[in-house]
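Coordinate inspection notes
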Amino acid sequence: MTVYFIGAGPGAADLITVRGLRLVEKCPVCLYAGSLVPEEIVAAAPDDALVMDTAPMHLDMIIAEIEKAHAAGKDVARVHSGDPSIYGATAEQMRRLDALAIDYDVVPGVPAFAGVAAKLKTELTLPEIAQTIIITRTGMKASSMPDGEQLEILGRSGATLAIHLSIRNLDYVREALVPFYGEDCPVVVAYRATWPDELYIRTTLTQMKQDVRKAKITRTALIMVGPVLGDVQFRDSALYDANYTHVLRNAGKKKNRVEA
C-alpha cells in the first residue's frame, strides 16, 4: 500500500500530469483538498472508490483515514493543488506517515506561478532583466516569516516575485517593495489562475490595492511583481544566437553528411 501525494496543478483540470491522473484513476481511496482541486480530477477515481474532501478535516482525521486504507491494503491518492512541495502542508503529513511506517511517494504538479506565466504568455526570466524567481508569502497572524525572508530583504534582489497568501496584506507588500522596484513596477494579481472564473489584474505596486478592491478579490490570489511583467526591452538570449557556440552547436562545424 502506498500514499501518493499528487500535485493537481493550479486549477485547470487538464493541467494535472499524466502520472498523477493515472494514479487517481486507479487508487481505491482519494483524499483531496476540495476548495482547490477541480472536481473533474477526482471524478476520474474508480466508481467504487472512497472519495473524501479534506477541506473540513484536521490533520488527525486525515491521517486516520490513511491508516484505515493502510490496514485494508488500499492505495491512497492524496491530491493537493499546485505542486505538493509549495505551501501544501504535505511535510507534516509525511512526518506522520514516517512515524507509522506507511509508504508514500510524491508526484509533482504545475505550480501556480507557472500557470500564471503561461496564461500571460510571459517568460519570467529575461536576459539582463531578471534571472531569478522568488516564491514567497508574507507573515500573517497564523504564521510569521522566518528571519531573513521578509519582503524588505527579498526585495533587494530585484527578482521576479511570486507572492502567495498575501491578498489581504497589500499595504505591506507595497511599502516593502516600492523602495526597490519603484512605484510603477508592473504587478499582476492572478485570481484563481487557470480556473474557468480566472481573473488577471495588470496594475502597479501603488495601484494594486485599489484595483483589487474594485474587483472584490479577498482570497485565492497570487501576486506577481517584477519588470518582466511589463513592456520591457531585452536582448535576445545567447542560447539561439548564431555566433554563440556550445557543446551541441559548434560554430563553423560542417553538418554531418548521411551517406545513402
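Residues numbered from 1 in each chain as written. Predicted model: local features only at pLDDT ≥ 70, side-chain atom pairs only at ≥ 80, totals over all residues. Heavy atoms only, no water.

Among all positions in helix α7 (residues 170–181), only L170, V173, A176, L177, V178 and Y181 are buried. Those residues of α7 hidden inside the fold are in contact with α6 (151–154), β7 (160–164), α8 (208–215) and β10 (221–225). Phi turns positive one or two residues past the end of α7, at G182, with a value near 90°. (Buried < 20%, exposed > 50% of the residue type's maximum accessible area, 1.4 Å probe, protein only. Helix = DSSP H or I, 4+ residues; strand = E, 2+ residues; numbered from the N terminus. Contact = heavy atoms within 4.5 Å.)

Before going further, it helps to spend a moment on the packing of helix α3 (residues 59–72) against helix α4 (residues 91–99). It is the contact of α3 with α4, at a shortest axis distance of 11 Å, that shows an interaxial angle of 50°. Viewed along their axes, α3 and α4 adopt a mutual orientation that is oblique. The way α3 lies across α4 gives a crossing that is right-handed. Here L59, D60, I62, I63 and I66 of α3 come into contact with α4, specifically with E92, Q93, R96 and L97. (Axes fitted to C-alpha atoms, helices over the stretch in contact; angles between N-to-C directions. Parallel < 35°, antiparallel > 145°, perpendicular 65-115°, else oblique. Left-handed = near helix turned anticlockwise from the far one by under 90°.)

With that out of the way, let us pick up the nonpolar core. Counting residues in each nonpolar core, the largest one holds 24 residues, and the members touching the most others are I163, I167, L177, L205 and V225. For this core, the leading source of residues is α7, giving 6 residues. Once you skip the residues sitting within four places of it in the chain, I163 turns out to touch T136, R137, T138, L151, V173, L177, L222, I223 and V225. Of all hydrophobic cores here, the second largest spans 18 residues; its members include V24, V42, A77 and V79. (Core = buried A, V, L, I, M, F, W, Y, C linked by side-chain atoms within 4.5 Å.)

The next subject is the sheet that holds strand β1 (residues 3–7). Across the sheet, 5 strands lie side by side as β3-β2-β4-β1-β5; this open sheet has parallel pairing. Looking at the sheet topology across the chains shown, the edges are occupied by β3 (50–53) and β5 (104–107). Each adjacent strand pair in this sheet contributes to an overall mean axis angle of 15°, direction not counted. For β1 and strand β4 (residues 76–80), the ladder comprises 5 bridges, and the chain directions are parallel. Within β4, the position partnered with G7 by the bridge is H80. Running over the sheet, α3 touches β1, β2 (29–32), β3 and β4 and is turned about 170° from β2. (Pairing = 2+ DSSP bridges.)

Now for the packing of aromatic side chains. Summed over all chains, the structure comprises 1 aromatic pair. Centroid distance F5 to Y104: 6.0 Å. Interplanar angle 85°. Geometry classified as edge-to-face. Pair noted here: F5 is in strand β1 and Y104 is in strand β5, with a separation of 99 residues, a long-range link. The exposure class of F5 is buried, given its relative accessible area of 0%. R192 extends its terminal NZ or CZ atom over the ring of W195, reaching a point 4.1 Å from the ring centre. (Phe/Tyr/Trp six-rings, centres within 6.5 Å; stacked < 30°, edge-to-face > 60°. Lys NZ or Arg CZ within 6 Å of the ring centre and 35° of its normal.)

So, on to the sheet that holds strand β9 (residues 199–204). For sheets, the rule is that strands pair by backbone hydrogen bonds, running either parallel or antiparallel. Read from one edge to the other, the open sheet built from 5 strands follows the order β6-β7-β10-β8-β9, with strand pairing classed as mixed. A single partner strand is all that each edge strand has here, and the edge strands are β6 (133–137) and β9. For this sheet the average axis-to-axis angle between neighbouring strands, irrespective of direction, equals 20°. When β7 meets β10, the two strands line up antiparallel, connected through 3 bridges. Bridge pairing links L161 to V225 in β10. Most of the contacts of helix α5 (residues 112–120) go to β10, to which it runs at about 70°, and overall it touches β6, β7, β8 (186–191), β9 and β10. Those strands touched by α8 are β8 and β9, and its axis lies near 155° from that of β9.

Spatial relationships are all this shows, so hold off on functional conclusions.
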